[in-house]
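Survey of secondary and tertiary structure
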Amino acid sequence: MARRRTFAIISHPDAGKTTLTEKTLLYAGAIELAGAVRGKKAQRHAVSDWMDIERERGISITSAALEFDLFDHRVTLLDTPGHRDFSEDTYRTLLAVDSVVMVIDAAKGIESQTRKLFEVARQRRLPMLTFVNKLDLPARDPLELLDEIERVLGVAAVPMNWPIGTGDRFRGVYDLRRDEVLFYERAGGARPAPVAVASADDPRLAALIGEERRGELLEAVHLLSAAGTRFDREAYLAGRQTAVFFGSALSNFGLETFLAALVDLAPPPQPRASDIGLVDPASTDFSGFIFKIQANMNPRHRDRVAFVRVCSGVLAKDMLVTNARLDAPVRLSRPSRFFGRDRETVESAYPGDVVGLVNPGRFAIGDTLYAGARVKYPRIPHFPAEFFGAMRLRDVKFKQFDEGVRQLEEEGLMQVVFPIYGKREPILGVVGALQFDIVEARMKNEYGVTCQVDKLPHIAARWIANDTGAPLKLPQGVLETVDRDERRVLLFQSEWEMQYTQRENPSLTLLAVA
Ligand code: G4P
């Protein structure tokens, strides 16, 4: 357990998350071919990006768990979609990790998506390392970048190394903890070993990097030691401080130091809050929770996989566990480990590990599984949908249509309600509008069904908490629907409609999530 490191990378699209993932896998020897993770030019498909739509749009929609060994540690990297539309999936993934790595583009700094994802990581108080990427290209002033992290994210930023020049003048980084210069070789080839110096004051530095760069470096180092925050492990582990590494994922520059720091600093599995208090991962009783369900992992097998994060004890093949939500026993007959499209059955898994269970329809997102003492982890909240669309079948495959809608709903890709009056066509509610395209594409690819989602003007859904079934006084635009459990859900076109409904029906309690 102590060797386990389970983390996720968060970034704005294009900052270099895929590149960093691929270079890490190459370094760890988990893949052999550059471009295996994703290269738009090389036309190879991502190990972690395996759906057509992802390839077309160049975004990562599904979060896969990649497991590999690194410096004597067992690392599990959970992929988080970088697109702003997929915050819900990302949110669930961030519940399953012990720390995060934030990648930022050195020329752009903190971007909108970085900020949103950071907020989620902060709510969970996840320790965070920062990789400032693309140092081989023209970049912003490093001090300014640190300042931006502190100002915008409100977390102390502590540099672990310092760039020597940027863009065309980029020469390498100075390791502030080890007093070493790591040279960057533009032409590639053999990577020179780091050169140790006595300190940033060492006169030999002038010969190594030139007088001008030495002057700049010295100035920065003095400034950092006078005004900068010192790295403090406790503060990092509490999420109050982020350790910042400068580098370039594409050219592997600074990667090794970064990965060594990752396994060294990032925490092993941590105790987790539950209904019976904190659960110690070292407890002998197995417990875990399902944070993701994925239909059609392998289109030929048409199966659904529930991903469980092991929180305590040992998960063993063929083990009998209890699903806390159903209070029913489930046998874990074929726990599997996934690596992109490949899978293998595992005999056992430990805290921090993520395994896939072939889902016989008995698992839902947020379910706790346990053996031994009864325990339940908190529910995984739904985000209120902001976009709605009527889903229309364009052929006659009714059965496949129903099945597809049900399974994609189970994955948490969308919420589904049905109008009370008129045709019982499913209405989808999603957090980001791109999800409609994904639903259409997946219905076509995975269920062979042609359908179309027509956008509706509604902006919010409200469940009626205390429904007596009595008729309501509703403004014209409100659509009355029911969810799969036949609970009434009102769809509103504006904030005003919502207020009006509340005013005219004062005894109603409206809830944004089911
Ligand atoms: P993402 O997953 O965060 O969206 O980013 P991704 O790794 O796909 O990187 C986005 C682009 O930035 C890619 O170029 C990638 O090659 C480039 N990149 C990543 N790291 C570095 C770096 O350290 N230096 C430089 N110069 N470029 C970097 P692309 O042309 O969009 O894609 P591709 O054709 O290379 O796949």
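Cut-offs and rules
Note that residues are indexed from 1 along each chain, following the sequence as it is written. Selection of residues for local features in this predicted model requires a pLDDT of at least 70, selection of side-chain atom pairs for listing and counting requires 80 or more, and totals for whole chains, interfaces and linings are taken over all residues. As a rule here, side-chain values cover all heavy atoms of the structure and leave hydrogens and water aside. Helix and strand assignments follow DSSP, with helices taken as H or I runs no shorter than four residues and strands as E runs no shorter than two, numbered in order from the N terminus. Only protein chains enter the accessibility calculation, which uses a 1.4 Å probe; a residue is then buried when its area is under 20% of its type maximum, exposed when over 50%, and partly exposed in between. What makes two residues a contact is simply this: any of their non-hydrogen atoms within 4.5 Å. Using a 1.4 Å probe, accessible areas were evaluated by the Shrake-Rupley method; residue-level cover was limited to the displayed protein chains. Axis definition: a line fit to C-alpha positions, over the contact stretch in the case of helices; interaxial angles, taken between N-to-C directions, run 0 to 180 degrees. Orientation is classified from the angle alone, with under 35 degrees giving roughly parallel, over 145 giving roughly antiparallel, 65 to 115 giving roughly perpendicular, and any other angle giving oblique. Note on convention: near helix rotated counterclockwise from far helix by under a right angle means a left-handed crossing. Clockwise means right-handed. Throughout, the ten residues Ala, Val, Leu, Ile, Met, Phe, Trp, Tyr, Cys and Pro are labelled nonpolar, Asp, Glu, Lys and Arg are labelled charged, and all others, Gly among them, are labelled polar. Residue-level confidence of the predictor is summarised by pLDDT, bounded by 0 at the bottom and 100 at the top. Any two strands are treated as partners once DSSP identifies two or more bridges connecting them. To qualify as a nonpolar core, a set must consist of buried Ala, Val, Leu, Ile, Met, Phe, Trp, Tyr and Cys residues joined through side-chain atoms within 4.5 Å. Delimitation of the domains relies on an automatic or database domain assignment.

1. Some words on the overall build of the protein chain
What the protein chain contains, in helices and strands, is 12 helices and 31 strands. When burial is assessed residue by residue, the protein chain has 55% of its 514 residues classed as buried. Once local pairs closer than 6 in sequence are excluded, the contacts in the protein chain between residues at least 24 apart make up 68%. Accessible area of the protein chain: about 22300 Å², with a carbon and sulfur share of 50%.

2. Looking at the packing of helix α10 (residues 398-411) against helix α11 (residues 434-447)
Running from amino to carboxyl end, α10 crosses α11 at an angle of 120°, the nearest separation of the two axes being 10 Å. By the angle between their directions, the pair α10 and α11 is classed as oblique. In this structure, the crossing between α10 and α11 has a hand that is right-handed. On the side of α10, the interface is formed by Q400, F401, E403, G404, V405, Q407, L408 and E411, while α11 contributes V439, R442, M443 and Y447. The residue inventory of the contact of α10 with α11, partitioned by class, reads six nonpolar, three polar and three charged.

3. Focus: the confidence of the model for the protein chain
Scored by pLDDT, the protein chain comes out at a mean of 86, with 89% of its residues at no less than 70. Within the model, the stretch residues 38-50 combines pLDDT values under 50 with 43 contacts to residues more than four positions away or in other chains. pLDDT under 50 marks residues 56-63. Its contacts with residues more than four places away, or in other chains, come to 35 contacts.

4. A few points about the environment of D467
Counting through the fold element by element, D467 comes out in the loop between β28 (460-464) and β29 (479-482). The partly exposed category is assigned to D467, whose relative accessible area is 34%. Taking C-alpha positions, D467 is 8.2 Å from R487, a pair spaced 20 residues apart along the chain.

5. Observations regarding unusual backbone geometry
Of note, the phi angle at R125 is positive, near 55°, even though the residue is not glycine. Residue placement: R125 occurs in the loop between α4 (112-123) and β5 (128-133). According to the relative accessible area criterion, R125 is exposed, its value standing at 64%. The phi dihedral of D318 is positive, around 70°, even though this residue is not glycine. Mapped onto the elements, D318 comes out in the loop between β16 (315-316) and β17 (319-323).

6. Remarks on the pairing of strand β9 (residues 180-183)
With burial as the criterion, each face of β9 is covered, one bearing E180 and L182 and the other bearing V181 and F183. Pairing geometry for strand β8 (residues 172-175) and β9, over four bridges, is antiparallel. What sits directly across from V173, in β9, is L182. Linking two consecutive strands that pair antiparallel, namely β8 and β9, is a turn of four residues; a positive phi of about 50° is found at D179 within it.

7. Remarks on the nonpolar core
Judged by nonpolar contacts, the single largest core of 62 residues is most densely connected at L94, I149, Y174, F246, F289 and F291. It is helix α7 (residues 211-227) that provides the largest number of residues to this core, a total of five residues. Mapped onto the domain boundaries, this core takes at least three residues apiece from domain 1 (8-59 + 89-265) and domain 2 (287-370). In this structure F289 touches L95, A96, R272, F307, V308, R309, C311, D367, T368, Y377 and I380, once residues within four positions along its chain are discounted. L25, V75, F131 and L255 belong to the second-largest nonpolar core, a separate cluster that totals 29 residues.

8. Details of the environment of P351
For P351, the position within the fold is in the loop between β21 (348-349) and β22 (354-358). Accessibility expressed as a relative area gives 3% for P351, which makes it buried. In this view, P351 contacts M1, R4, P269, P281, V310, C311, S312 and G313; residues no more than four positions away in its chain are not counted.

9. Examining the sheet that holds β5
The mixed open sheet is built from seven strands, whose spatial order is β2-β3-β1-β4-β5-β11-β6. Whereas interior strands pair on both sides, the edge strands pair on one side only; in this sheet they are β2 (65-70) and β6 (156-159). Here the average twist between neighbouring strands, direction ignored, is 30°. As paired strands, β2 and strand β3 (residues 73-78) are joined by six bridges and run antiparallel to one another.

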